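# Topology and contacts: notes
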Amino acid sequence: MTPTVFLSILSIHLIAAMSPGPSFVVSVRTAASEGFRPAFGLAVAFGAGAVIWAIAAMSGLSVLFEIFPRAYMIFKIAGGLFLIWIGLKTLRHARDPLPDATTLASPRSLANAVRLGLMTQLSNPKPAIFFGAVFAGLIPPETSLGVKALLLFFVFFDETLWYVIVARVFSRQKARQAYGRAKLWTDRALGGMIAIFGLRIAST
């Protein structure tokens with residue numbers, strides 16, 4: 001694999017990671033409502049989830065989904081229902097007041113945030129298809145295990161770094177204050193977006 005191809009894969013993945021999706025919406029809401037630490041846990045989990053999907057693609061999961069479309073459909077429905085559940089939960093708690101920043105001690109534990117991040121990332125099977133398409137087209141069959149491991153490291157780095165930036169930006173005091181002033185309608189919008197993402201994943 002040439003350096004140009006290697007950098008091309010990482011660039012394509014970074015663009016995909018930065019594109020709005022359920023992980024981005026969950027990250028923004030968590031950072032603004034709960035602070036940086038839980039959102040940082042999400043970021044690490046999103047990176048780990050991307051690596052899991054990348055390994056699955058390398059192992060032929062995307063091909064398996066193409067051979068057994070019913071398995072892919074079941075996976076999509078289950079993942080979509082999970083995202084719809086998160087969206088409805090956000091809508092249900094939209095009226096809950098935002099904890100004051102001075103008393104905020106991490107409403108969600110780091111372990112809980114990591115679990116939520118992994119479940120959110122793994123609930124969408126489309127990254128397996130994305131990685132499968134990219135890897136099949138750009139990674140030669142003779143690529144060494146070391147190069148693949150390095151590629152997986154940078155997939156984790158790209159995904160995690162992007163969501164750490166999102167966590168930092170939206171957990172700042174001004175962002176939290178703006179979120180607090182518009183929490184009801186912001187949560188309704190974000191919850192609706194998550195639910196719509198889930199519906200689209202389950203139905204497409």
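Above this text is the structure in question.
Residues numbered from 1 in each chain as written. Predicted model: local features only at pLDDT ≥ 70, side-chain atom pairs only at ≥ 80, totals over all residues. Heavy atoms only, no water.

Let us look at the overall build of the protein chain. Regarding its fold elements, the protein chain presents ten helices and zero strands. Helices and strands in the protein chain line up, N terminus first, as α-α-α-α-α-α-α-α-α-α. Computed over C-alpha atoms, the radius of gyration of the protein chain comes to 18 Å, within 12% of the 17 Å expected from 2.2 N^0.38 for 204 residues, which places it in the range of a compact globule. Along the longest, intermediate and shortest principal axes, the C-alpha atoms of the protein chain span 55 × 35 × 25 Å. Each of the 204 residues in the protein chain was classed as buried or not, and the buried ones make up 42%. If you sum the accessible surface of the protein chain, you get close to 10600 Å²; carbon and sulfur atoms cover 71% of it. Of the charged side chains in the protein chain, 19 are positive and 8 negative, and the gap between their average positions amounts to 8 Å. (Helix = DSSP H or I, 4+ residues; strand = E, 2+ residues; numbered from the N terminus. Rg over C-alpha atoms; globule rule 2.2 N^0.38 Å. Buried < 20%, exposed > 50% of the residue type's maximum accessible area, 1.4 Å probe, protein only. Areas by Shrake-Rupley, 256 points an atom, 1.4 Å probe, with all protein chains shown as cover. Lys, Arg positive; Asp, Glu negative; His and termini not counted. Charge placed at Lys NZ, Arg CZ, Asp CG, Glu CD.)

Looking now at a nonpolar patch on the surface. On the surface, Leu 150, Phe 153, Phe 157, Leu 161, Ile 165 and Val 169 cluster together to form a nonpolar patch covering roughly 530 Å² of accessible area. Checked against the element boundaries, Ile 165 lands in helix H8 (residues 145–170). (Patch = residues over 30% accessible without salt bridge, like charges linked within 9 Å, V, L, I, M, F, W, Y side chains within 5 Å. Salt bridge = Lys/Arg side-chain N within 4 Å of Asp/Glu carboxyl O.)

In this section: the nonpolar core. Formed by 18 residues in total, the largest nonpolar core has its most connected members in Leu 83, Ile 86, Leu 116, Tyr 163 and Ile 194. Among the elements of the structure, helix H2 (22–34), helix H3 (36–58), helix H5 (69–92), H8 and helix H10 (183–203) are those that each provide at least two residues to this core. Filtering out sequence-adjacent residues up to four positions away, Ile 86 remains in contact with Leu 116, Thr 120 and Ile 194. With 17 residues, the next largest nonpolar core counts Ala 56, Ala 57, Phe 135 and Leu 152 among its residues. (Core = buried A, V, L, I, M, F, W, Y, C linked by side-chain atoms within 4.5 Å. Contact = heavy atoms within 4.5 Å.)

Before going further, it helps to examine the packing of aromatic side chains. To describe a pair of aromatic rings, one takes the distance between the centres and the angle between the planes. Taken as a whole and assessed by the stated rule, the structure comprises seven aromatic pairs. Taking 6.4 Å as the distance between ring centres and 25 degrees as the angle between the ring planes, the aromatic pair formed by Phe 153 and Phe 157 counts as stacked. Remark: Phe 157 and Phe 153 occur in helix H8; sequence separation between them is four residues, near one turn of the helix. With relative accessibility at 40%, the residue Phe 157 sits in the partly exposed group. Clustering of aromatic rings is evident, with ring pairs tying together Phe 6, Phe 153, Phe 154 and Phe 157. (Phe/Tyr/Trp six-rings, centres within 6.5 Å; stacked < 30°, edge-to-face > 60°.)

Taken by themselves, the reported measurements are silent on function.
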